[in-house]
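Coordinates in review
Listed here are the chains, written in short residue letters.
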Amino acid sequence: MSTTSPSSPPLAASAPTSPSPPNSTVSPSWSALTQSLSAYTSHLPPAIATLPYIPAYVFSRDSKTRASAEALLPAETLWAIQLGLAGSLGGFLSGFYLGGRTRSYQFLAENAHRLPKTVAGWYYYHKYKNYEIAYFGFRGGFKGAARFAGISAGFGAAEGVVEHLVGKESWVCTVGAGVSMATVFSLANRLTLQYSKYAVLFGAGASFMVGMLQDGYAWQYGESVKYSGRSRSEAFWVPGWGAFPVKDRTHVSPASV
C-alpha cells in the first residue's frame, strides 16, 4: 500500500511586505473613508467624483482632515464652496434683520388695540416682543443663509462650467455665469417677464464688474484671484479680438511691489 509523504511541499513564501509608515497628516478614519469612496467614484468624472469630500472640507474640525479634503477637491469646486460660505453669512445677516423687523411691525399691529397701561404690562409687552423678534429673526436668517448660499455656490459652479467650455478664465465666463444664475433665479421665483429682464440685467451688470475686477487683478499680478497658485498670461479677453498680456513683473524690484 502506497503511503503519502508526511509533509506536503512547502508553499512559495511571499515576499515580506514592510508595514506602511503611519500617516501623520490624516487620521485613520479619514484614510478609510477616502479608500472606500475612491472605490465607488473611480469611474466618475473628477468634478463629480470629488463631491463626497465636500462635507469633510466644510464641516470637519480637524485641520489635517480638512487640508486633506482640500487637496482632493478641484480649484473650481473650492471657489464655489468659498462663495457659498460667504453668501450664507451675508444671507443670514440679511434674513435675520428682515425677519426680525417684519415681525416687530406685525407684533405692533396685532397688539395696537390692547396696548398695556401699566409699567409691568409694558415690561411683558417688550419681553414677548423681543422673543418674537429673535425667533422670527433666526428663522429668516437660516432661510436667507440657505438661499444666498445656493445662489453664490451656483454662480461659482456655473462660472467653472463656462470656463471649461470656453477653455480659459475670463470676464466673459463670469458674465455668462451671472446671466445663467439670474435666469434660473427668475424661473425659480416665477417672476414676470418685466422683472425677469431686471434680474437678468442686474446679474449681467454685477457679474461684469466682478469679472473686470478678476481680470484687473490677473493683469496686475499675473495670477488668478480665485484659484490659488494658478498663473494667468492674459486678461480682458474679448472674443474675436484678443486679450491684453499681463504685466511683466520679472524686472520689478521687491521694494516697488
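First, a word on scope: everything that follows refers to the structure included in this document. Here the structure is a predicted model, which means the values were calculated and not measured.

A few words on the packing of helix H6 (residues 119–166) against helix H7 (residues 171–188). Across the interface, H6 lies against H7 with an axial gap of 8 Å and an inter-helix angle of 135°. As judged from the angle between their axes, H6 and H7 are oblique. You can see that H6 and H7 cross each other, and the crossing is right-handed. Where H6 approaches H7, its residues Ile151, Gly154, Phe155, Ala158, Glu159, Val162, Glu163 and Val166 are matched on the opposing element by Cys173, Thr174, Ala177, Gly178, Met181 and Phe185. Across the contact of H6 with H7, the residue classes tally to nine nonpolar, three polar and two charged.

Across all of its chains, the model carries nine salt bridges by this definition. Here lysine 226 makes a salt bridge to glutamate 163, at a shortest N to O gap of 2.4 Å. Pair noted here: lysine 226 is in the loop between helix H8 (193–221) and strand S1 (234–238) and glutamate 163 is in helix H6, with a separation of 63 residues, a long-range link. You'll find lysine 226 and glutamate 163 in the same group, each marked buried. With its nearest N and O atoms 3.3 Å apart, the salt bridge here joins aspartate 215 to arginine 232. Taken together, the residues span a long stretch of sequence, with aspartate 215 in helix H8 and arginine 232 in the loop between H8 and S1 at a distance of 17 residues. The two residues aspartate 215 and arginine 232 agree in class, both being buried.

Conventions adopted
Residues numbered from 1 in each chain as written. Predicted model: local features only at pLDDT ≥ 70, side-chain atom pairs only at ≥ 80, totals over all residues. Heavy atoms only, no water. Axes fitted to C-alpha atoms, helices over the stretch in contact; angles between N-to-C directions. Helix = DSSP H or I, 4+ residues; strand = E, 2+ residues; numbered from the N terminus. Parallel < 35°, antiparallel > 145°, perpendicular 65-115°, else oblique. Left-handed = near helix turned anticlockwise from the far one by under 90°. Contact = heavy atoms within 4.5 Å. Nonpolar A, V, L, I, M, F, W, Y, C, P; charged D, E, K, R; others polar. Salt bridge = Lys/Arg side-chain N within 4 Å of Asp/Glu carboxyl O. Buried < 20%, exposed > 50% of the residue type's maximum accessible area, 1.4 Å probe, protein only.

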